[in-house]
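Report on the structure
Here's the letter readout for the chains.
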2 protein chains.
Amino acid sequence: MTHSKLLSLLMSVVIISLPSSHAIAESENEELSPGYQVWPIGWVRKHGGKTVIEVDEAYIPALLGLDQFDAIWVLYWFDRNDTPERRGILQVHPRGNPDNPLRGVFATRAPVRPNLIALSRCRILSIAGNRIEIDGIDAFPDTPVLDIKP
Amino acid sequence: MTHSKLLSLLMSVVIISLPSSHAIAESENEELSPGYQVWPIGWVRKHGGKTVIEVDEAYIPALLGLDQFDAIWVLYWFDRNDTPERRGILQVHPRGNPDNPLRGVFATRAPVRPNLIALSRCRILSIAGNRIEIDGIDAFPDTPVLDIKP
């Protein structure tokens, strides 16, 4: 998705937000929704037409054997939408088009959702050290990566 | 995976843990790895041979349109392994079998990994209110669910 498309999506979403404390659970209601902490294990890098998952060097041991696979699931974080307001959006017009009927975010791949986890299947082109070159990914450069799975 | 199999896996993993602060980033090194907060949007329930994703009632609007799909991706949290030690494990013997060569956790589906996010494709059998009956899922009862995607 291009930047302009994403902006379009964000501007056209219908905000049906959570009236409850869930959207701000991390600050006000730990008992109801204790929550869990995730952190980046790497980042999406895009340079010179190449797309690379650059894994934090501390996690290089976690890549052992990954070269046996042709493709990976990449789980990453929609960090640009990490506000209580956007995480409270529960329904959107898919692809930001108001002509598309309203859908719940769990019935779409919208980048606004309670937990901002994105999921893409990517082909592995090469692995060298902490760098996994992939065929592409629908993510902004420098997006935080949370997990890699075969 | 049965409980005993999981215990077997956990007892036989080779602990190659992170010497750095990443495994305890949430408490000591916010600057290096700021991290993000996720929280349950529902839970896996298993009763009477049925498996149900019970979505928190606040999120019912987010299910609008999900009935158009035959299957969903369910992202859930390996909450029983949520300790700094287990999140620091970077290599395991797949399926807990010491005869299997050591593999990086990013080259396996092991339930010990830096971010404890699990991923399963599940068939939808029915949807009623906040309950999505599915064909099954490799998760303990009452496991927290983080996201649902078509």
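Residues numbered from 1 in each chain as written. Chains lettered and ligands numbered in written order. Predicted model: local features only at pLDDT ≥ 70, side-chain atom pairs only at ≥ 80, totals over all residues. Heavy atoms only, no water.

A few words now on the relation of the copies chain A and chain B. Superposition record for chain A on chain B: RMSD 0.0 Å, screw rotation 180 degrees, translation along axis 0.0 Å. Both copies are brought into coincidence by an operation consistent with a two-fold rotation axis. Nearest to the rotation axis, the C-alpha of A:Gln37 is located 2.4 Å from it, this being the minimum over chain A. (Least-squares fit on C-alpha atoms with pLDDT ≥ 70 in both.)

Each partner contributes residues to the interface: chain A has 54 residues there, and chain B has 54 residues. Area buried by chain A at its contact with chain B is led by A:Tyr36, A:Trp39 and A:Phe106, which between them contribute 18% of it. Seen at the junction of chain A and chain B, the total is two salt bridges. The partner of B:Asp147 in a salt bridge is A:Arg113, and the shortest N-O contact between them spans 2.9 Å. (Contact = heavy atoms within 4.5 Å. Buried area = accessible area lost by both parts, 1.4 Å probe. Salt bridge = Lys/Arg side-chain N within 4 Å of Asp/Glu carboxyl O.)

Here we take up the confidence of the model for chain A. Residue and element names in this part refer to chain A. On average, chain A scores 86 in pLDDT, and the residues at 70 or more come to 78%. Overall, residues 1-15 carries pLDDT values under 50, and its contacts beyond four positions in sequence, including any with other chains, amount to 22 contacts. Among the prediction metrics, the complex's ipTM stands at 0.83, with pTM recorded as 0.84. (pLDDT = per-residue confidence, 0-100.)

Counting 78 residues, the largest nonpolar core has A:Ile132, A:Ile148, B:Ile132 and B:Ile148 as its most contacted members. Dropping the residues within four chain positions of it, B:Ile148 is found in contact with A:Val105, A:Phe106, A:Arg113, B:Ile41, B:Ile53, B:Val55, B:Leu66, B:Ile72, B:Trp73 and B:Ile132. (Core = buried A, V, L, I, M, F, W, Y, C linked by side-chain atoms within 4.5 Å. Buried < 20%, exposed > 50% of the residue type's maximum accessible area, 1.4 Å probe, protein only.)

Checked against the element boundaries, B:Gln91 lands in strand β5 (residues 91-92). The class of B:Gln91 is buried, set by a relative accessible area of 8%. A distance of 2.7 Å separates the side chain of B:Gln91 from the backbone oxygen of A:Pro61, its partner in a polar contact. (Helix = DSSP H or I, 4+ residues; strand = E, 2+ residues; numbered from the N terminus. Polar contact = N/O pair within 3.5 Å; in protein donor to acceptor, adjacent residues only side chain to side chain.)

Attention now goes to the sheet that holds strand β4 (residues 71-77) of chain B. The sheet built from six strands closes into a barrel, its strands ordered β2-β3-β8-β7-β4-β9 (chain B) with antiparallel pairing. For this sheet, the mean angle separating the axes of adjacent strands, direction not counted, is 45 degrees. (Pairing = 2+ DSSP bridges. Axes fitted to C-alpha atoms, helices over the stretch in contact; angles between N-to-C directions.)

It is worth spelling out the pairing of strand β4 (residues 71-77) of chain A at this point. All names here are of chain A. Burial within β4 is extensive, with seven of its seven residues counted as buried. Alternating residues of β4 divide into Ala71, Trp73, Leu75 and Trp77 and Ile72, Val74 and Tyr76, and every residue in both groups is buried. With seven bridges joining them, β4 and strand β7 (residues 117-128) adopt antiparallel strand pairing. From the neighbouring strand, tyrosine 76 faces β7, where its bridge partner is alanine 118.

It is worth spelling out the pairing of β4(B) at this point. Regular strands place side chains that alternate from one sheet face to the opposite one. Pairing of β4(B) with strand β9 (residues 144-149) of chain B involves four bridges; the strand directions are antiparallel. Considered in β9(B), the bridge of B:Tyr76 is made with B:Val145.

For the structure on display, the rule yields seven aromatic pairs over all chains. Ring geometry for A:Tyr59 versus B:Phe106: centroids 6.3 Å apart, planes at 40 degrees, classification tilted. Here A:Tyr59, found in the loop between β3 (50-55) and β4, pairs with B:Phe106, found in the loop between β6 (103-104) and β7 (117-128), and the two come from separate chains. One exposure class covers both A:Tyr59 and B:Phe106, and it is buried. Measuring from centroid to centroid gives 6.0 Å for A:Tyr76 and A:Phe78, while their planes differ by 70 degrees, and the two rings are edge-to-face. We note that A:Tyr76, like A:Phe78, is buried. Across the ring face of B:Trp39, the terminal group of A:Arg87 is positioned such that the distance to the ring centre comes to 4.2 Å. (Phe/Tyr/Trp six-rings, centres within 6.5 Å; stacked < 30°, edge-to-face > 60°. Lys NZ or Arg CZ within 6 Å of the ring centre and 35° of its normal.)

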